[in-house]
Amino acid sequence: MKDRPTVLYDVPGPRARRRNLLWTLLFLAAFAAVAWWVLASLADKNQLEWSKWAPFFTDARVWETYVLPALKNTVIAAALAMVIALPLGALLGIFRLSEHRAVRGAAGTVVEFFRAIPVLILMLFANAAYSEVSAISPATRPLYAVVTGLVLYNASVLAEVVRAGILALPAGQTDAAKAIGMRKGQTMAYVLLPQSVTAMLPALVSQLVVIVKDTALGGAMLGFSELLASVRPLSANYGANTIACFTVVAVVFVALNFALTTFASWLEGRLRRGKKSTGAVVGAGAVEELATPGEHMDAPGTPRDTR
């Protein structure tokens, strides 16, 4: 039998529909007025002339020399930060749920400390630390500093996402796992984490988008050659077309983050389609392997009576 639909709000009546339509028209009119004012101001300052936008369409050196290398650096820094921050954040989130007070307290201290510090300060501190105590070359030091700052901050945020996702699961999931003989680590690995991943995915993707955008902080303060930092040399070499450069870079950022969110939406849909129930399904063979031998034998060499 199909589930009955749930009504979250009253269906608007004729007056409410007219009022909503009026507000929509007013918003569109205000948006159109603001857009016209912005375009008119840019036109008055000759920022819409074709000569300022033409290099992005007619000169391949713009992309080969400036945009694509900067985009490559952005992707490298973001990818490294994601690969390191995701497992580190998951571990910190799991440690925060530990029954041992020392482990829980240490993980909580780390998470709260690095989550409270702005990511830019973490990058600057990492850059200064690398220059003092390491032999990393000045050319690659900004990359290390950017990745370090992103990892420390975002791993702390992701730890809270993981902890919240696990705590959101029904308590019966843990009770059921204990009832079939699973230990704490097995319950976390085979029951809680697989179920919470789908619920956590939107928040995880939002934080991954933040990682991509925060790479621009390294270009602004550390001289890291990321995507936003390419605006300065572009504008200097192609006729002070700053507005055009910022617009193109913004479009590239939007495309990059849109690709990331699209992939995450596809992955979330695939995970949801693969789960036909709200609970984790563990086969009989897996249960036999996970349980301890003493729980399946009444006496040495005597099988347990399963009737």
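Above this text you will find the structure in question.
Predicted model only: the values in this text are computed from it and were never measured.

> A description of the overall build of the protein chain should follow, citing residues and the corresponding values.
Tallying secondary structure elements over the protein chain gives 12 helices and 2 strands in all. Listed by position from the N terminus, the elements making up the protein chain come as α-α-α-α-α-α-α-α-α-α-α-α-β-β. The contacts of the protein chain with a sequence gap of at least 6 include a subset with a gap of at least 24, amounting to 72%. For the protein chain, the computed accessible surface area is about 19400 Å², with 67% contributed by carbon and sulfur atoms.

> Report on the pattern of salt bridges, specifying residues and quantitative values.
Inspection of the entire model under this criterion finds 6 salt bridges. A salt bridge links R96 to E160, with the nearest nitrogen and oxygen atoms 2.6 Å apart. Separated by 64 residues along the polypeptide, R96 in the loop between α4 (60-95) and α5 (101-116) and E160 in helix α7 (residues 141-167) bring together distant segments of the chain. Residue class for E160 comes out buried when judged on its relative accessible area of 15%. A salt bridge links R115 to E160, with the nearest nitrogen and oxygen atoms 3.8 Å apart. Taken together, the residues span a long stretch of sequence, with R115 in helix α5 and E160 in helix α7 at a distance of 45 residues. You can call R115 partly exposed: its relative accessible area is 33%. Each member of the salt-bridge network shares a partner with another, and the members are R96, E112, R115, E160 and R163.

> Tell me about a nonpolar patch on the surface, and please be specific about residues and values.
A cluster of nonpolar residues, L21, L25, F27, L28 and F31, forms a patch on the protein surface that exposes about 570 Å² of accessible area. You can see L28 is positioned in helix α1 (residues 14-44). You can call L28 partly exposed: its relative accessible area is 47%.

> An account of the packing of helix α9 (residues 184-221) against helix α11 (residues 242-273) is needed here, citing residue identities and associated values.
Interhelical geometry of α9 versus α11 gives an angle of 165 degrees and a closest axis separation of 10 Å. In terms of orientation, α9 and α11 fall into the roughly antiparallel class. Seen along the crossing, α9 lies across α11 with a hand that is right-handed. On the side of α9, the interface is formed by V197, T198, L201, P202, V205, L208, V209, V212 and K213, while α11 contributes F253, L256, N257, L260, T261, A264, L267, E268, L271 and R272. Grouping the amino acids of the contact of α9 with α11 by side-chain chemistry returns 13 nonpolar, 3 polar and 3 charged.

> Outline the environment of V161, supporting the account with residue identities and numerical values.
Here V161 shows up in helix α7. On the accessibility criterion, V161 (17% relative accessible area) is buried. Put simply, V161 and G93 are 68 residues apart on the chain and 7.6 Å apart in space, counted from C-alpha to C-alpha. Excluding residues within four positions of it along the chain, V161 makes contact with M200, A203 and L204.

> Outline unusual backbone geometry, supporting the account with residue identities and numerical values.
Residues other than glycine seldom take positive phi values, yet N46 does so here, at roughly 60 degrees. Here N46 lies in the loop between α1 and α2 (50-53). Overall, N46 belongs to the partly exposed group, its relative accessible area being 40%.

> I'd love a proper account of the layout of surface pockets, names of residues and values included.
There is about 580 Å³ of room inside the largest pocket. Lining the largest pocket we find 21 residues, and of these L97, E99, K184, M188 and L192 sit closest to its centre. Among the elements of the structure, α4, α7, α8 (171-179) and α9 are those that each provide at least two residues to the lining of the largest pocket. Looking at the lining of the largest pocket residue by residue, the classes come out as 12 nonpolar, 5 polar and 4 charged.

> Help me get a handle on the nonpolar core, residues and values and all.
Core analysis: the biggest nonpolar cluster contains 33 residues, and F56, V146, L150, I211, L227 and L234 have the highest contact counts within it. For this core, the secondary structure elements donating two or more residues are α4, α6 (119-133), α7, α9, α10 (231-237) and α11. With 8 residues, α4 is the single largest residue contributor to this core. Setting aside residues up to four positions removed in sequence, L234 forms contacts with F56, V62, Y66, V67, N241 and C245. By size, the runner-up hydrophobic cluster in this structure holds 14 residues, among which are A85, L158, V161 and M182.

What counts, and where the lines are drawn
- Residues numbered from 1 in each chain as written.
- Predicted model: local features only at pLDDT ≥ 70, side-chain atom pairs only at ≥ 80, totals over all residues.
- Heavy atoms only, no water.
- Helix = DSSP H or I, 4+ residues; strand = E, 2+ residues; numbered from the N terminus.
- Contact = heavy atoms within 4.5 Å.
- Areas by Shrake-Rupley, 256 points an atom, 1.4 Å probe, with all protein chains shown as cover.
- Salt bridge = Lys/Arg side-chain N within 4 Å of Asp/Glu carboxyl O.
- Buried < 20%, exposed > 50% of the residue type's maximum accessible area, 1.4 Å probe, protein only.
- Patch = residues over 30% accessible without salt bridge, like charges linked within 9 Å, V, L, I, M, F, W, Y side chains within 5 Å.
- Axes fitted to C-alpha atoms, helices over the stretch in contact; angles between N-to-C directions.
- Parallel < 35°, antiparallel > 145°, perpendicular 65-115°, else oblique.
- Left-handed = near helix turned anticlockwise from the far one by under 90°.
- Nonpolar A, V, L, I, M, F, W, Y, C, P; charged D, E, K, R; others polar.
- 1 Å grid on protein atoms, 1.4 Å probe; cavity = no way out; pocket = protein on both sides within 12 Å on 5 of 7 lines; lining within 4 Å.
- Points joined across faces, edges and corners; volume = space filled by probe spheres on them.
- Core = buried A, V, L, I, M, F, W, Y, C linked by side-chain atoms within 4.5 Å.

In short, shape yes, function no, at least from these values alone.
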